[in-house]
Amino acid sequence: MDLKSPKFNLLFFLICLSATTISAASRGGIAIYWGQNGNEGTLAETCATGKFPYVNLAFLNVFGNGANPELNLAGHCDPASGGCVSLTSDIRDCQKQGVKLMLSIGGGIGRYSLSSKLDARNVSLYLWNAFLGGKSQSVFRPLGDAALDGIDFDIELGSSQFYDDLVRYLKSYCKRNQRVYITGAPQCPYPDRLMGAALNTGLFDYVWVQFYNNPPCQYTSGNTTNLINSWNLWSRSLRAKKLFLGLPAATQAAGSGFIPADVLTSQILPVIKKSPKYGGVMLWSKFWDDQSGYSSSIVSTV
Ligand SMILES: *[C@@H]1O[C@H](CO)[C@@H](O)[C@H](O)[C@H]1NC(C)=O
Ligand SMILES: *[C@@H]1O[C@H](CO)[C@@H](O)[C@H](O)[C@H]1NC(C)=O
């Protein structure tokens, strides 16, 4: 078959599309970031807790503008020397348990930006071939053969430009009925300064808004008003499949915005769960959650 024929493209598109309808989970789940502290247990251990249906591997913090992309997994392993290839078996274990794994790109420390639409396309091909379902002989796969489920956007530095293009390119790839999930962690002031345009594509599956380090839209001791108002604005405005409440897993995990577990479960979750887009709670991070036990205190209510 001629791969360029419109008929083939339509078929391909429909296969990708049909896979998008399968995901509906009726109750909420906890998404967690793993990767930025070597003392937070392995990826396999994280999935084996059974508490996290979504795990974001953080971070690919150098990419775009001609840069040689760099994955940083702190003390876990050294991606550059091939030290993280063995994570492939962890990735497969996690996926067998139904956990979705995303590669998180960006973060608070790094060197990343997209210089053009062409650059966005180049980065999308790199992500597809190095971490997702693509296999190109010439691209090294830092996490080995296993394909992650998607890409998480945590764009906190630089410019907002061309991330909408990157999202569109990524979303156009799929293999054997396996589509690419697109997730993101914008800051709670709406719309997000750097990710607003990308979010406006309407192509995000899960959006875990950071309701911390942002006093105007977060919980402040004893007062849920700003947080709930901001959640409602996101819930009304965002075109995405599911919306998550992103929180620090411990007081020390962020500059501000920590919510005691009993306040979350008694005063906040009952309100935000009424939103049709409610997907659950996102926590930063596995390391801090290990210290505080936060996810164990909230998981039955999420
Ligand atoms: C394309 O991306 C690769 C990383 O996969 C990078 O090394 C290269 O410099 C990029 N090319 C251009 C023209 O930006
Ligand atoms: C909570 O915060 C809101 C917004 O800052 C304020 O209007 C309200 O009075 C506060 N409520 C209480 C009980 O302090």
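Since we're looking at a predicted model, the values are computed, not measured.

Colleague: Is there a simple way to think about the overall build of the protein in this case?
Modeller: Across its full length, the protein carries ten helices and twelve strands. In terms of overall dimensions, the protein is globule-like: its C-alpha atoms have a radius of gyration of 19 Å, near the 19 Å expected for 302 residues. If one aligns the C-alpha atoms of the protein with their principal axes, the spans along those axes are about 60 × 40 × 35 Å. Once local pairs closer than 6 in sequence are excluded, the contacts in the protein between residues at least 24 apart make up 73%. When the accessible surface of the protein is totalled, it reaches about 13200 Å², and 53% of it is carbon and sulfur. In the protein, 26 side chains carry a positive charge and 20 a negative one; their mean positions are 10 Å apart.

Colleague: Looking at this structure, I do not really get the state of the cysteines. What am I missing?
Modeller: Each disulfide consists of a covalent bond between the sulfur atoms of two cysteine residues. All told, the structure shown has three disulfides when counted by the stated rule. For C47, the disulfide goes to C94, at an S-S distance of 2.1 Å. With the S-S dihedral at roughly 95 degrees, the linkage between C47 and C94 falls on the right-handed side. Taken as a pair, C47 in helix α2 (residues 43-48) and C94 in helix α3 (residues 87-96) lie far apart in primary sequence, 47 residues in all. Side by side, C47 and C94 carry an identical accessibility label, which is buried.

Colleague: Explanation requested: the pattern of salt bridges in the structure shown.
Modeller: Oppositely charged side chains are able to pair whenever their charged atoms sit close together. As enumerated under the stated definition, the model contains seven salt bridges in all. Across the salt bridge formed by R168 and D164, the nearest N and O atoms sit 3.9 Å from each other. In this pair, R168 and D164 are both assigned in helix α5 (residues 163-171), four residues apart and thus about one turn of the helix distant. Overall, the relative accessible area of 41% leaves R168 in the partly exposed class. By relative accessible area, which is 19% here, D164 ends up buried. Measuring nitrogen to oxygen at the nearest pair gives 3.5 Å for the salt bridge that ties D165 to R168. Here D165 pairs with R168, and both are found in helix α5, just three residues apart, close to one helical turn.

Colleague: How should I be thinking about the UniProt feature "domain: GH18" (unreviewed entry) in the protein in this particular structure?
Modeller: In the numbering used here, UniProt assigns the "domain: GH18" (unreviewed entry) feature to residues 28-302. Secondary structure across residues 28-302 comprises 29% helix and 24% strand; the distance between its end C-alpha atoms is 5 Å.

Colleague: Would you mind going over the site of ligand 1 with me for this structure?
Modeller: Taken together, the residues surrounding ligand 1 are G66, A67, P69, N122 and Y126. In the environment of ligand 1, an oxygen atom lies 2.3 Å from a nitrogen or oxygen atom belonging to the side chain of N122. In the complex, the protein chains occlude 51% of the 370 Å² of accessible area that ligand 1 would expose alone. The class makeup of the residues in the shell around ligand 1 is three nonpolar, two polar and no charged.

Colleague: Please explain the nonpolar core as it appears in this structure.
Modeller: What tends to happen in soluble globular proteins is that the nonpolar side chains get buried as a cluster. Membership of the largest hydrophobic core comes to 78 residues, with the highest contact counts inside it found for L127 and F153. Looking at which element gives the most residues to this core, the answer is helix α4 (residues 117-131), with seven residues. Setting aside its immediate chain neighbours within four residues, F153 contacts I105, Y163, L166, V167, L170, I182, T183, G184, A185, M195 and F204.

Colleague: Would you mind going over unusual backbone geometry with me for this structure?
Modeller: Peptide bonds are mostly trans, and most non-glycine residues show a negative phi. Put simply, A58 and F59 share a cis peptide bond, and its omega is 0 degrees. Relative to the assigned elements, F59 resides in strand β2 (residues 54-63). Following Y190, the chain continues to P191 via a peptide bond in cis, the omega torsion being -5 degrees. Following the sequence through the fold, P191 ends up in the loop between β9 (181-184) and α6 (196-199). Even without being glycine, N65 reaches a positive phi, approximately 55 degrees.

Colleague: Help me out: how do you make sense of the packing of aromatic side chains in this one?
Modeller: Here the distance between the centres and the angle between the planes together describe a pair of aromatic rings. Enumeration according to the criterion identifies 20 aromatic pairs in this entry. Between the aromatic rings of Y190 and W234, the centroid separation amounts to 4.8 Å while the plane-to-plane angle is 90 degrees, which identifies the pairing as edge-to-face. Separated by 44 residues along the polypeptide, Y190 in the loop between β9 and α6 and W234 in helix α7 (residues 225-237) bring together distant segments of the chain. Linked through ring pairs, Y54, Y181, Y206, W208 and F244 together constitute an aromatic cluster.

Criteria and cut-off values
Within any chain, residue numbers begin from 1 and follow the written order of that chain's sequence. For naming, the first written chain is A and the first written ligand is 1, with later ones following in the order written. In keeping with the model being predicted, local features are shown solely for residues with a pLDDT of at least 70 and side-chain atom pairs are shown and tallied solely at 80 or more, while totals for entire chains, interfaces and linings include all residues. Side-chain calculation: all heavy atoms of the structure are included, whereas hydrogens and water are not. Helix and strand assignments follow DSSP, with helices taken as H or I runs no shorter than four residues and strands as E runs no shorter than two, numbered in order from the N terminus. Taken over C-alpha atoms, the radius of gyration is set against a globule rule of 2.2 Å times the number of residues to the power 0.38. Any two residues whose heavy atoms approach within 4.5 Å at even a single point are treated as in contact. Each accessible area value is a Shrake-Rupley result obtained with a 1.4 Å probe; residue values ignore everything except the protein chains displayed when judging cover. Two residue types count as positive, namely Lys and Arg, and two as negative, namely Asp and Glu; His and chain ends fall outside the count. Note that the charge is assigned to NZ on lysines, CZ on arginines, CG on aspartates and CD on glutamates. To count as a disulfide, a pair of cysteine sulfur atoms needs to be within 2.5 Å. The cut-offs for exposure are 20% and 50% of the maximum accessible area for each residue type, with area from a 1.4 Å probe on protein chains only; residues under the lower value are buried, those over the upper are exposed, and the others partly exposed. One speaks of a salt bridge when a side-chain nitrogen belonging to Lys or Arg is within 4 Å of a carboxyl oxygen belonging to Asp or Glu. UniProt positions are given in the numbering used here, feature names are shortened, and annotations may be inferred rather than shown by experiment. Nearness is judged by heavy atoms alone; a residue qualifies as near a molecule or strand once a single heavy atom is within 4 Å of it. The definition of a polar contact used here is a pair of N or O atoms within 3.5 Å, where within protein one atom must be able to donate a hydrogen and the other to accept one, and adjacent residues in sequence count solely through side-chain atom pairs. Each residue is assigned to one class: nonpolar for Ala, Val, Leu, Ile, Met, Phe, Trp, Tyr, Cys and Pro, charged for Asp, Glu, Lys and Arg, and polar for all the others, Gly among them. Put simply, a nonpolar core is a bunch of buried Ala, Val, Leu, Ile, Met, Phe, Trp, Tyr and Cys residues held in one set by side-chain atoms that sit within 4.5 Å of each other. Think of it this way: a Phe, Tyr or Trp ring, Trp meaning its six-membered ring, pairs with another when their centres are within 6.5 Å, and the plane angle makes it stacked under 30 degrees, edge-to-face over 60, tilted otherwise.

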